[in-house]
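A closer look at the structure
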Amino acid sequence: MNKKGTKGKLITIEGIEGVGKTSNVNFIAKYVQNAGYQVIVTREPGGTPVAEAIRGIILSDFDEQMYGETELLLLYAGRLQHVENVIKPALDKGQWVVCDRFTDATYAYQGAGRGVAIEKIDDLYRWTLGDFKPDWTILLDAPVDLAFERILKLRDLDRIEREKKGFFERIRNQYLVMAKRHPERYRVVDASQSLEDVQKVISDIMKEIIE
Ligand code: TMP
């Protein structure tokens, strides 16, 4: 519990690469802090020493094919560590948690992107997390071409980012489907606007979340 006598809330930020997740994760954390709550910023894959080591494997290049199912198992091994050792203890203390990607990324990337059966993802979810889920999910949405134009200016691409355009189109569509399916926790932001305009929209969403 925090000073206001409430448990913390988990806000997850989702979207394809290049939509500005990192800058906006920090913007959201600052907003929560300014509202008088303690906040931690974390990410997936990663967020604990074990889960960060697993992240290294997930993003590395190997001289063999890595199956979508292998990614799924690795992601959930890291996620269990992250939820039990970082996210739940913070929420119990009344801290808010802002997480750069979470469970929905697996439905989007491994499910829609790689074609792993949704039942397998559901099973692992239930087995490791039960009914634990984010309180709010902010989806930063932008066309794939625009998003990739942005990241190609900034850095080299990793193993997942080097997939073809169709992979990211499926991921983007899956995110939009999930947003429609869970309107109670999803808020969609048009991330093709300028960062300033995106953050105006996010501020309105944060007002709603915090009140
Ligand atoms: P990041 O670049 O946003 O930190 O994410 C690392 C990569 O991991 C990104 O390409 C998306 C991918 N990913 C999945 O494929 N499935 C997942 O469940 C998560 C959390 C990330």
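Attention here is on the structure that accompanies the text.

Reading guide: rules and limits
- Residues numbered from 1 in each chain as written.
- Predicted model: local features only at pLDDT ≥ 70, side-chain atom pairs only at ≥ 80, totals over all residues.
- Heavy atoms only, no water.
- Core = buried A, V, L, I, M, F, W, Y, C linked by side-chain atoms within 4.5 Å.
- Buried < 20%, exposed > 50% of the residue type's maximum accessible area, 1.4 Å probe, protein only.
- Helix = DSSP H or I, 4+ residues; strand = E, 2+ residues; numbered from the N terminus.
- Contact = heavy atoms within 4.5 Å.
- Pairing = 2+ DSSP bridges.
- Axes fitted to C-alpha atoms, helices over the stretch in contact; angles between N-to-C directions.
- Near = heavy atom within 4 Å.
- Polar contact = N/O pair within 3.5 Å; in protein donor to acceptor, adjacent residues only side chain to side chain.
- Areas by Shrake-Rupley, 256 points an atom, 1.4 Å probe, with all protein chains shown as cover.
- 1 Å grid on protein atoms, 1.4 Å probe; cavity = no way out; pocket = protein on both sides within 12 Å on 5 of 7 lines; lining within 4 Å.
- Sits in = over half its atoms within 2 Å of the grid points.

Moving on, we come to the nonpolar core. By size, the foremost hydrophobic cluster in this structure holds 60 residues, and its most contacted members are Ile11, Ile28, Tyr109, Ile138, Leu140 and Tyr175. Counting residues per element, this core draws most heavily on helix α3 (residues 68-92), at eight residues. Once residues within four sequence positions are removed from consideration, Ile138 is found in contact with Ile11, Thr12, Ile13, Glu14, Ile28, Arg187, Val189, Ile205, Met206 and Ile209.

Moving on: the pairing of strand β4 (residues 136-141). With six of six residues buried, β4 lies mostly within the body of the structure. Burial along β4 is two-sided: the residues Trp136, Ile138 and Leu140 and Thr137, Leu139 and Asp141 are all buried. As judged from the four bridges shared by strand β1 (residues 10-14) and β4, these two strands associate in the parallel manner. Residue pairing in the sheet places Ile11 in a bridge with Trp136 of β4. In this sheet, strand β5 (residues 186-190) lies alongside β4 in parallel orientation, the contact comprising five bridges. Residue pairing across strands places Leu140 opposite Val189, the latter belonging to β5.

Our next topic: the environment of Val177. Checked against the element boundaries, Val177 lands in helix α7 (residues 165-181). Linking Val177 and Ala108, residues 69 residues apart in sequence, is a C-alpha distance of 9.7 Å.

This paragraph deals with the sheet that holds strand β2 (residues 39-43). Read across the sheet, five strands follow the order β2-β3-β1-β4-β5 without closing on themselves; strand pairing throughout is parallel. Each edge of the open sheet is held by one strand with a lone partner, namely β2 and β5. Within the sheet, the average angular offset between the axes of one strand and its neighbour, ignoring direction, is 20°. Pairing analysis gives five bridges linking β2 to strand β3 (residues 96-100), with the strands arranged parallel.

What follows concerns the site of the ligand. In the neighbourhood of the ligand, 14 residues make up the surrounding shell, with Glu17, Arg55, Arg101, Thr106 and Gln110 lying closest. Between Gln110 and the ligand, the recorded distance is 2.8 Å, taken from a side-chain N or O atom to a nitrogen atom. For the ligand, the protein covers 94% of the area, taking 480 Å² as the surface of the free molecule. A molecule is said to occupy a pocket when more than half its atoms come within 2 Å of that pocket's grid points, and by this definition the ligand occupies the largest pocket. Every element with two or more residues in the shell around the ligand is listed here: α2 (49-59), α3 and α4 (103-113).

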